[in-house]
Amino acid sequence: MRTKNPESPAYLFGHLPYCSDCIHELFLPFDLINNDPTVEQVLDFVARERGINRSDETSFSAYSFPKLLQRDELLDGERCQRCTRRL
Ligand SMILES: [Zn+2]
């Protein structure tokens, strides 16, 4: 059984949880494809482009941009909405 991996963040997008791989795929902008960025680098880049301040999560809605989910915010056995991987 897969255990929770603290190295791999989970995200809230809309009202649903997603794994880091799916958020990476969904948000990777074409201009960064060759740089092999991490999911956090992708989100920082896209947030900057959209004028979103990621350091203040109260300043934007999870419906407009994914928010980092803390491990203790995840329910036991919660799965990624897109690939159904355990978070
Ligand atoms: Zn996923």
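Residues numbered from 1 in each chain as written. Predicted model: local features only at pLDDT ≥ 70, side-chain atom pairs only at ≥ 80, totals over all residues. Heavy atoms only, no water.

Undergrad: For this particular structure, what's the right way to read the packing of aromatic side chains?
TA: Centre-to-centre distance and the angle between the planes together describe a pair of aromatic rings. Per the stated rule, a full pass over the model turns up 4 aromatic pairs. Here F27 and F65 contribute two aromatic rings whose centre-to-centre distance is 5.6 Å and whose plane-to-plane angle is 65 degrees, an arrangement assigned as edge-to-face. Taken together, the residues F27 in helix α1 (residues 20-27) and F65 in the loop between α2 (39-50) and β3 (67-69) connect sequence positions 38 residues apart. Taking the relative accessible area as the measure of exposure, F27 reaches 9% and is therefore buried. Among the residues examined, F65 registers a relative accessible area of 0% and is labelled buried. Above the plane of the ring of F60 lies K67, whose end atom (NZ or CZ) is 5.2 Å from the centre. (Phe/Tyr/Trp six-rings, centres within 6.5 Å; stacked < 30°, edge-to-face > 60°. Helix = DSSP H or I, 4+ residues; strand = E, 2+ residues; numbered from the N terminus. Buried < 20%, exposed > 50% of the residue type's maximum accessible area, 1.4 Å probe, protein only. Lys NZ or Arg CZ within 6 Å of the ring centre and 35° of its normal.)

Undergrad: It is not clear to me how the confidence of the model for the protein should be interpreted in this structure. Could you clarify?
TA: Predicted coordinates in regions of low pLDDT should not be interpreted in detail. Across the protein, the average pLDDT comes to 90, with 92% of residues at 70 or higher. Predicted confidence for residues 1-5 stays below pLDDT 50, and this span has 9 contacts to residues more than four positions away or in other chains. (pLDDT = per-residue confidence, 0-100. Contact = heavy atoms within 4.5 Å.)

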